[in-house]
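As a plain string of letters, each chain reads:
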Amino acid sequence: MTRPRVATVSLAGCFGCHMAFLDMDERLVKLMARVEFDRSPLTDLKTFTRRCDIGIIEGGCCNEENVHTLIEFRRNCDVLIALGQCAIMGGLPAMRNAIMHADDPLRECLEEAYLTGPYLRNLTRHVPNDPALPLILDKVYPCSDIVDIDIQIPGCAPSGDIIFDTLTALLDGTFHGFDRARLRFD
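Everything in this summary refers to the structure shown in the same document. (Residues numbered from 1 in each chain as written. Predicted model: local features only at pLDDT ≥ 70, side-chain atom pairs only at ≥ 80, totals over all residues. Heavy atoms only, no water.)

## Focus on the sheet that holds strand 5 (residues 77-83)
Phase 1 of the analysis: Read across the sheet, five strands follow the order 2-1-3-5-7 without closing on themselves; strand pairing throughout is parallel. The open sheet has two edge strands, strand 2 (36-37) and strand 7 (151-153), and neither has a second partner.
Phase 2 of the analysis: Judged from the three bridges that link them, strand 5 and strand 7 form a sheet pairing that is parallel. By the bridge assignment, Ala82 is partnered in strand 7 with Gln152.
Phase 3 of the analysis: Across the sheet, helix 3 (residues 64-76) lies against strand 1 (5-10), strand 3 (52-58) and strand 5, angled at about 135 degrees from strand 5, the strand it touches most. (Pairing = 2+ DSSP bridges. Helix = DSSP H or I, 4+ residues; strand = E, 2+ residues; numbered from the N terminus. Contact = heavy atoms within 4.5 Å. Axes fitted to C-alpha atoms, helices over the stretch in contact; angles between N-to-C directions.)

So this is what it looks like as structure tokens:
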């Protein structure tokens, strides 16, 4: 029997949910005995090696690269988990949504970040505009605004206990209200 494959990624957030993942401490070893990690900062794999049973997303979508990555996770994972407030509601990055102008949604945000911020030192007085940078979206979007999310684990960041208990219940088929038949690793 093959072990379920798990992929994780961090989008627009602080990487705190991945740090909470590590807060499972010795239980991470128990989890690793039950699953195989694929694309993830935990493995340093940048692309999927094959289809995954579970995808875990932290962070919301603030640029086109985030959207592309999220769509790729939905396409390559049977079950998609939004981990933490940034993935579920946009979190702190979504604070910029409240300061946007209707006529130019990004102008005030970019001016504050690069030109007028009180602790800023930008001697060139330019806003970065390099083709290599991902296009910034008009606002920060929660993951569920872009793709279907199967499970949400709230918190900023959720505790390692909650992450471990949720994943264990999902793997054991005891996650309340979730159809385990959607997972193909039996």
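After that view, the rundown keeps rolling.
## Some points on the pairing of strand 5
Phase 1 of the analysis: Within strand 5, seven of the seven residues are buried, which leaves it mostly tucked inside the rest of the structure.
Phase 2 of the analysis: Here strand 3 runs beside strand 5; their pairing, made up of six bridges, is parallel. Opposite Ile57, over in strand 5, you have Ala82 as the bridge partner. (Buried < 20%, exposed > 50% of the residue type's maximum accessible area, 1.4 Å probe, protein only.)

## A look at the pattern of salt bridges
Phase 1 of the analysis: Taken as a whole, this structure holds eight salt bridges when the rule is applied.
Phase 2 of the analysis: Of the charged contacts in the structure, one is a salt bridge between Asp38 and Arg5, with a shortest N-O distance of 2.2 Å. In this pair, Asp38 sits in the loop between strand 2 and strand 3 while Arg5 sits in strand 1, placing the two residues 33 residues apart along the sequence.
Phase 3 of the analysis: Here Arg5 falls in the buried class, since its relative accessible area comes to 5%.
Phase 4 of the analysis: The closest approach of N and O atoms between Asp44 and Lys46, which form a salt bridge, is 2.3 Å.
Phase 5 of the analysis: By relative accessible area, Asp44 is classed as exposed at 52%.
Phase 6 of the analysis: Overall, Lys46 belongs to the exposed group, its relative accessible area being 57%.
Phase 7 of the analysis: A network of salt bridges, in which partner residues are shared, links Arg5, Glu36 and Asp38. (Salt bridge = Lys/Arg side-chain N within 4 Å of Asp/Glu carboxyl O.)

## Things to note about the environment of Met24
Phase 1 of the analysis: Topologically, Met24 is positioned in the loop between helix 1 (16-22) and helix 2 (27-34).
Phase 2 of the analysis: Sequence spacing of Met24 and Ser159 is 135 residues, and the spatial spacing of their C-alpha atoms is 8.1 Å.

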